[in-house]
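Results of the structural survey
Now for the letters of each chain:
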Amino acid sequence: MKYDNSLVRRTDRLLDEKEATELLETAVFGTLSMISPEGHPYGIPLTYVWDGNRTLYIHCAPAGRKLECIRHNDRCSFSVVGKVDVVPDKFTLDYRSIVLECWASVGLSEKERREALRLYVAKYTPELTEKAEFYIEKSFGRTEIIALTVSGWSGKCKRVLK
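The model shown is predicted, which means the values in this text are computed figures rather than measured ones. (Residues numbered from 1 in each chain as written. Predicted model: local features only at pLDDT ≥ 70, side-chain atom pairs only at ≥ 80, totals over all residues. Heavy atoms only, no water.)

Moving on to the nonpolar core. With 43 residues, the main nonpolar core has Leu-32, Leu-56, Ile-58, Phe-78, Ile-98, Leu-100 and Leu-148 as its most contacted residues. The element contributing the most residues to this core is strand S9 (residues 144–158), with seven residues. Each residue touching Ile-58, except ones within four places of it in the same chain, is listed here: Leu-32, Leu-46, Thr-47, Tyr-48, Phe-78, Tyr-120, Glu-144, Ile-145, Ile-146 and Leu-148. (Core = buried A, V, L, I, M, F, W, Y, C linked by side-chain atoms within 4.5 Å. Buried < 20%, exposed > 50% of the residue type's maximum accessible area, 1.4 Å probe, protein only. Helix = DSSP H or I, 4+ residues; strand = E, 2+ residues; numbered from the N terminus. Contact = heavy atoms within 4.5 Å.)

Listed below in structure tokens is the structure:
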């Protein structure tokens, strides 16, 4: 997973890799952007988990528009925006964001799908690990997992002195 800010136009707003990694680890939502089979853009906000290496996982139903888009074109973009503070007296925002270029895949092994669901539990409800195993098994047959393999990513921010 190559972190590369060389294409960010505003070099005064570069987010360093350490902060970008923290944002990727802790943010709750990201937006998956794809191209539909009809050639239309399609972006949708989703919860996600990161394996700490180069793969993000998204869970969804086993049928739907996301999967149709991925089967049509496996290239996609995933963006994450951290906490944003409006700074009214300066007519601006204080923010952190990252954009990841990815290849999407489905049809993962049962082992990888279960591990992705356990990553969800560890991120969103770590205090319920034991109880979550029951729910993972109960819904496993009706849950698809999308793997987003990151080929490159960059980060941008604006730090406003208040």
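Turning to the pattern of salt bridges, a few remarks are in order. Inspection of the entire model under this criterion finds nine salt bridges. When the shortest N-O distance is used, the salt bridge between Arg-10 and Asp-12 registers 2.8 Å. When the shortest N-O distance is used, the salt bridge between Glu-22 and Lys-18 registers 3.6 Å. Here Glu-22 and its partner Lys-18 are both found in helix H1 (residues 17–26), four residues apart, which amounts to about one turn of the helix. With relative accessibility at 39%, the residue Glu-22 sits in the partly exposed group. (Salt bridge = Lys/Arg side-chain N within 4 Å of Asp/Glu carboxyl O.)

This next bit is on the environment of Thr-26. As for its position among the elements, Thr-26 is in helix H1. Thr-26 sits in the exposed class, given a relative accessible area of 58%. As a C-alpha pair, Thr-26 and Tyr-57 span 31 residues in sequence and 14 Å in three-dimensional space. Side-chain polar atoms of Thr-26 contact the backbone oxygen of Glu-22, separated by 2.8 Å. (Polar contact = N/O pair within 3.5 Å; in protein donor to acceptor, adjacent residues only side chain to side chain.)

In this fold, Ser-109 is placed in the loop between strand S8 (92–105) and helix H3 (110–124). Classification of Ser-109 by relative accessible area gives partly exposed; the value is 40%. A sequence separation of 75 residues divides Ser-109 from Met-34, and the C-alpha atoms of the two residues are 23 Å apart. A distance of 3.1 Å separates the side chain of Ser-109 from the backbone nitrogen of Glu-112, its partner in a polar contact.

Attention now goes to the state of the cysteines. Across all of its chains, the model carries zero disulfides by this definition. Not part of a disulfide, Cys-76 finds its nearest cysteine sulfur in Cys-102, a span of 4.8 Å. (Disulfide = S-S within 2.5 Å.)

Three or more residues of helix H4 (residues 129–139) are buried, namely Ala-132, Ile-136 and Ser-139. Projected onto a plane normal to the axis of H4, the buried residues spread over an arc of 85° and lie on a single side. Facing away from the buried side of H4 by over 90 degrees, the exposed positions are Glu-130, Lys-131, Phe-134 and Lys-138. Looking at the buried residues of H4, the elements they touch are H3. (Arc of directions from axis to C-beta.)

All right, on to a nonpolar patch on the surface then. Side chains of Val-81, Val-84, Val-86 and Leu-93 sit close together on the surface and give an oily, nonpolar patch of about 330 Å² of accessible area. Summarising the element assignment, Val-81 is placed in strand S6 (residues 75–81). (Patch = residues over 30% accessible without salt bridge, like charges linked within 9 Å, V, L, I, M, F, W, Y side chains within 5 Å. Areas by Shrake-Rupley, 256 points an atom, 1.4 Å probe, with all protein chains shown as cover.)

Considering all chains together, one arrives at four aromatic pairs under this definition. Lying across the ring of Phe-140, Arg-113 places its NZ or CZ 4.0 Å from the centre. Above the plane of the ring of Phe-140 lies Arg-114, whose end atom (NZ or CZ) is 4.0 Å from the centre. (Phe/Tyr/Trp six-rings, centres within 6.5 Å; stacked < 30°, edge-to-face > 60°. Lys NZ or Arg CZ within 6 Å of the ring centre and 35° of its normal.)

So yeah, pure geometry; function would need other evidence.
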